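Here is how the chains run, residue by residue.
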Amino acid sequence: MTRWQEPAPGEPDAGDRTWHVVRRAYEQRLPAPRERSWRPFVAIAAGAAIVAAALSPPGLAVWGSLRDAVRGAPNAKPALFSLPTPRSRLLVNSAEGAWVVQSDGSKRLLDGYRNASWSPHGLYLTAVHGDELRALEPNGNVHWSIGRAGLASPRWSSQGHGDERVAYLAGSTLRVVGGDGRGDRALARHVSHVVPAWRPQTHVLAYLNGAGRLIVRNADSGAVQWTAALAQRPGALEWSGDGRYLLARGPSSLTVFGSTGTPRLSPISPGAAPIVDAAFQPLNDALAFVQHAGSRSIVWFYPRLTPDGTAARRVIAVAGVFDRVAWSPDARWLLLSWRSADEWLFIRSASVRKVVPVAGIADAFGPAAVPTGWCCP
Amino acid sequence: MAGSARDERALVRGAQRGSVSDLEALFRHHWPRAYRAAYLVVHDSAAAEDIAQEAFLAAVRALDRFDRRRPFGPWLHRIVVNRAIDWSRARTLRREAGEAGLELAAAAAPPDNPHARTLAAALAELSPEHRAVIVLRHLLEYTPGEIAELTGLPRGTVNSRLRRGLDHLASRLGEDVR
């Protein structure tokens, strides 16, 4: 038959338009880490020279456009003197215990506590102390406790009307207790050791069963609302602040489900560079996440969740390891834990209007300090 | 240019390592056939652009996992043709729901070349499934065995669709088509 040799209608213009879209998607993607070669060392050497200039006082002001550094900022604040968001409190888990940091920079160590997390309005904490699950005030006054073996991952629901629940793991059993310490009961046995996630404004809980299947269940009635299999076993689950989306973060994948279990999108699929942490912006479905590739960490921001994943914006890239990203309760600041530099970076908005580096984190909070909750909306 | 398999492998490797120019060379080489294949199945330039664009975006997303030993073209064409068939089926359903007028208004003008216009019109009379195998065979020049593999159809089904499609085109175009 006659071959079709000539351009189809609209072909050249469509090709130009599509190339721009494809190029943008390509530039926003992050290659998977490859075997070490000489190139990273050349890149680091070049980066060091850039950073020496960039982190001078005037250089810091343009960090938003440079967004590349090798070591911690030399002019970082030597300690955390204050939080950038007034009337907020930061919870830090470290090897020494749980720290509660007030917005004026004052802090209190809750000695020997681990796995601490906030109650919905920040009036209480729940944390593990030895073989006890405790609910306590930020000043350390204990309200109630439950003794069990293998305690981990307590999380307070945020139903919002005072009728709260606390979910926690005791060995491989997922248990739920009332916010007043009453009604402790097993919800599921043989679950995975992944922190359960409460859907905001509800008593609906997401967790992983022993086979790695995602389960979403009403903790009061026990009714399973939906389940889903995942390509990768997630290391973390998180609901968006408005409860519309559930994020499952795998080692190198992000999967977002609608509240009824419909898979919404997988902006990052298995095979991408490792994903270290991810966090929904409070009160909406914008998402920040950290990828680590080779010797670099990159923070990405999705202002909105789109199916093809091309809407991600790069916030900042550094040499070294970011191990945690957290939003301020007013959603204006991002806190990045820059473990390899022993610093935190407070970044004003995903557009990087301002960067406040704070050094000496291990000295201030002890080893393995991780910011785990910036309270409260 | 990605003229040979070796050239193409080199371009894929370059794109995987971050070379925009290698990615562009891959794109420019494969865009015409991807777009034409989509167009000849859906007969709608806007839809063809969407379909081909979606296939390239899928390629970018999967670039790091792509096995360079495999040829890039068939992988891309499989996405294009399957999505074009899905789109055509959906259009058929929408037509039944009375939305044909909107689609006709949205479609671009037919080709200028009279012969191409006749061929496009004759192809349009075939079902999307028949159009797809004709396009794969005679535009993208895959063998029937390769088409069977790309589409997941039995080889016999591919052959019968090719024969039926070509018979129809022969009757419309008045020439021997094989």
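A word on the overall build of chain A
Thinking step 1. What chain A contains, in helices and strands, is 5 helices and 28 strands.
Thinking step 2. Residue pairs at least 24 apart in sequence account for 43% of intrachain contacts in chain A once pairs closer than 6 positions are excluded.

Things to note about the overall build of chain B
Thinking step 1. Each helix and strand in chain B was counted, giving 9 helices and 0 strands.
Thinking step 2. Written out in order from the N terminus, the α and β elements of chain B read α-α-α-α-α-α-α-α-α.
Thinking step 3. Per-residue burial for chain B yields a buried fraction of 37% across its 178 residues.
Thinking step 4. For chain B, the proportion of contacts with a sequence separation of at least 24, taken over those separated by at least 6, is 65%.

Here we look at helix H9 (residues 155–173) of chain B
Residues and elements named next belong to chain B.
Thinking step 1. With 19 residues, H9 should reach 27 Å at 1.5 Å per residue; the first-to-last C-alpha distance of 26 Å fits that figure.
Thinking step 2. The set of residues buried in H9 consists of Val-158, Arg-161, Gly-165, Leu-166 and Leu-169. Within H9, the buried residues cover an arc of 125° as seen down the axis, which keeps them to one side. Facing away from the buried side of H9, by more than 90 degrees, are the exposed residues Gly-156, Arg-163, Asp-167 and Ser-171.

Brief notes about the pairing of strand E4 (residues 113–118) of chain A
Residue and element names in this part refer to chain A.
Thinking step 1. Taken across its 6 residues, E4 has 5 buried, putting it largely inside the fold.
Thinking step 2. Where E4 lies against strand E5 (residues 125–129), 4 bridges are found, and the strand directions are antiparallel. Across the sheet, the residue bridging to Ser-117 is Thr-126, located in E5.
Thinking step 3. In sequence, E4 turns back onto E5 through a hairpin of 6 residues, with Gly-122 there showing a positive phi of about 75°.

What about the packing of helix H1 (residues 5–16) of chain B against helix H2 (residues 20–42) of chain B?
Residues and elements named next belong to chain B.
Thinking step 1. The geometry of H1 relative to H2 is characterised by a closest axis approach of 7 Å and an angle of 135° between their N-to-C directions. Comparing their axes, H2 and H1 come out oblique. H2 is crossed by H1, and the crossing has left-handed handedness. Residues Leu-11, Val-12, Gly-14 and Ala-15 of H1 form the contact with H2, whose own contacting residues are Asp-22, Leu-23, Ala-25 and Leu-26.

Points about H1(B)
Residues and elements named next belong to chain B.
Thinking step 1. The first and last C-alpha atoms of H1 sit 16 Å apart over 12 residues, in line with the 16 Å expected at 1.5 Å per residue.
Thinking step 2. Along H1, the positions that sit buried rather than exposed are Glu-8, Leu-11, Val-12 and Ala-15. Each buried residue of H1 lies within a common arc of 100° when the element is viewed along its axis, so the set occupies one face.
Thinking step 3. Positioned one or two residues after H1, Gly-18 has a phi angle of 110°, which is positive.

A word on the sheet that holds strand E14 (residues 214–218) of chain A
Residue and element names in this part refer to chain A.
Thinking step 1. The antiparallel open sheet is built from 4 strands, whose spatial order is E12-E13-E14-E15. Whereas interior strands pair on both sides, the edge strands pair on one side only; in this sheet they are strand E12 (197–198) and strand E15 (224–228).
Thinking step 2. One ladder, built from 4 bridges, connects E14 with E15; its direction is antiparallel. Looking at E15, one finds that Val-216 is bridged to Trp-226.

Re the nonpolar core
Thinking step 1. Ranked by internal contacts, the top residues of the largest apolar core, which has 101 residues, are Ala288(A), Val299(A), Val325(A) and Leu336(A).
Thinking step 2. Those residues within four positions of Ala288(A) in sequence are excluded, and the remaining contacts are Ala278(A), Ala279(A), Gln281(A), Val299(A), Trp300(A), Phe301(A), Val315(A), Val325(A), Leu334(A) and Ala350(A).
Thinking step 3. The next biggest cluster of nonpolar side chains, apart from the first, holds 48 residues, and it includes Tyr26(A), Ala15(B), Leu23(B) and Ala132(B).

Topic: the sheet that holds strand E24 (residues 322–327) of chain A
Strands in a sheet are paired, the pairing made by backbone hydrogen bonds, and the direction either parallel or antiparallel.
All names here are of chain A.
Thinking step 1. Judged by pairing direction, the sheet is antiparallel, and its 4 strands sit side by side in the order E24-E25-E26-E27 without closing on themselves. Whereas interior strands pair on both sides, the edge strands pair on one side only; in this sheet they are E24 and strand E27 (354–359). Direction aside, neighbouring strands of the sheet carry axes that sit 20° apart on average.
Thinking step 2. Here 6 bridges tie strand E26 (residues 343–348) to E27, and the two strands are oriented antiparallel to one another. Counterpart to Trp-344 in the pairing with E27 is Val-358.

Re the confidence of the model for chain B
All names here are of chain B.
Thinking step 1. Per-residue pLDDT for chain B has a mean of 78; in total, 80% of the residues score no lower than 70.
Thinking step 2. Between the elements of chain B, mean pLDDT differs from a low of 33, seen in helix H5 (residues 100–106), to a high of 91, seen in H2.
Thinking step 3. Every residue in residues 94–109 is under pLDDT 50, and counting partners more than four places away or in other chains gives 13 contacts.
Thinking step 4. Across the interfaces of the predicted complex, the ipTM metric reaches 0.81, alongside a pTM of 0.58.

Overview of the confidence of the model for chain A
Thinking step 1. Looking at chain A, the pLDDT average stands at 82 and 84% of residues meet or exceed 70.
Thinking step 2. Contacts for the low-pLDDT stretch residues 32–71 of chain A, under 50 throughout, to residues beyond four places or in other chains number 46 contacts.

Observations concerning the environment of Gly222(A)
Residue and element names in this part refer to chain A.
Thinking step 1. Inspection of the secondary structure assignment puts Gly-222 in the loop between E14 and E15.
Thinking step 2. By the C-beta count within 10 Å, which is 11 here, Gly-222 ends up exposed.
Thinking step 3. Considering only alpha carbons, one finds Gly-222 and Leu-205, 17 residues apart in sequence, at a separation of 9.8 Å.
Thinking step 4. When near neighbours in sequence (up to four residues on either side) are disregarded, Gly-222 contacts Leu-187 and Arg-217.

Remarks on the packing of H2(B) against helix H3 (residues 45–61) of chain B
Residues and elements named next belong to chain B.
Thinking step 1. Where H2 contacts H3, the axes come no closer than 8 Å and their chain directions differ by 135°. Taken as axis vectors, H2 and H3 run oblique relative to one another. Remark: the crossing between H2 and H3 carries right-handed chirality. Residues Phe-27, Trp-31, Ala-34, Tyr-35, Ala-38, Tyr-39 and Val-42 of H2 touch H3, and the partners they reach there are Ser-45, Ala-47, Ala-48, Glu-49, Ile-51, Ala-52, Ala-55 and Phe-56.
Thinking step 2. Considering only residue class, the contact of H2 with H3 consists of 13 nonpolar, 1 polar and 1 charged.

Looking at the environment of Leu254(A)
Thinking step 1. Within the secondary structure, Leu254(A) is located in strand E18 (residues 253–258).
Thinking step 2. Between the C-alpha atom of Leu254(A) and that of Ala236(A), which follows or precedes it by 18 residues, the distance is 10.0 Å.

A look at unusual backbone geometry
Residues and elements named next belong to chain B.
Thinking step 1. The phi angle at His-43 is positive, at roughly 55°, despite the residue not being glycine.
Thinking step 2. Tracing the backbone through its elements, the reader meets His-43 in the loop between H2 and H3.
Thinking step 3. We classify His-43 as buried; it has 24 C-beta atoms within 10 Å.

Scoring rules and cut-offs
- Residues numbered from 1 in each chain as written.
- Chains lettered and ligands numbered in written order.
- Predicted model: local features only at pLDDT ≥ 70, side-chain atom pairs only at ≥ 80, totals over all residues.
- Helix = DSSP H or I, 4+ residues; strand = E, 2+ residues; numbered from the N terminus.
- Contact = placed C-beta atoms within 7 Å.
- Buried ≥ 20, exposed ≤ 12 C-beta atoms within 10 Å, placed from the backbone.
- Expected span 1.5 Å × (residues − 1).
- Arc of directions from axis to C-beta.
- Pairing = 2+ DSSP bridges.
- Axes fitted to C-alpha atoms, helices over the stretch in contact; angles between N-to-C directions.
- Parallel < 35°, antiparallel > 145°, perpendicular 65-115°, else oblique.
- Left-handed = near helix turned anticlockwise from the far one by under 90°.
- Core = buried A, V, L, I, M, F, W, Y, C linked by C-beta atoms within 7 Å.
- pLDDT = per-residue confidence, 0-100.
- Nonpolar A, V, L, I, M, F, W, Y, C, P; charged D, E, K, R; others polar.

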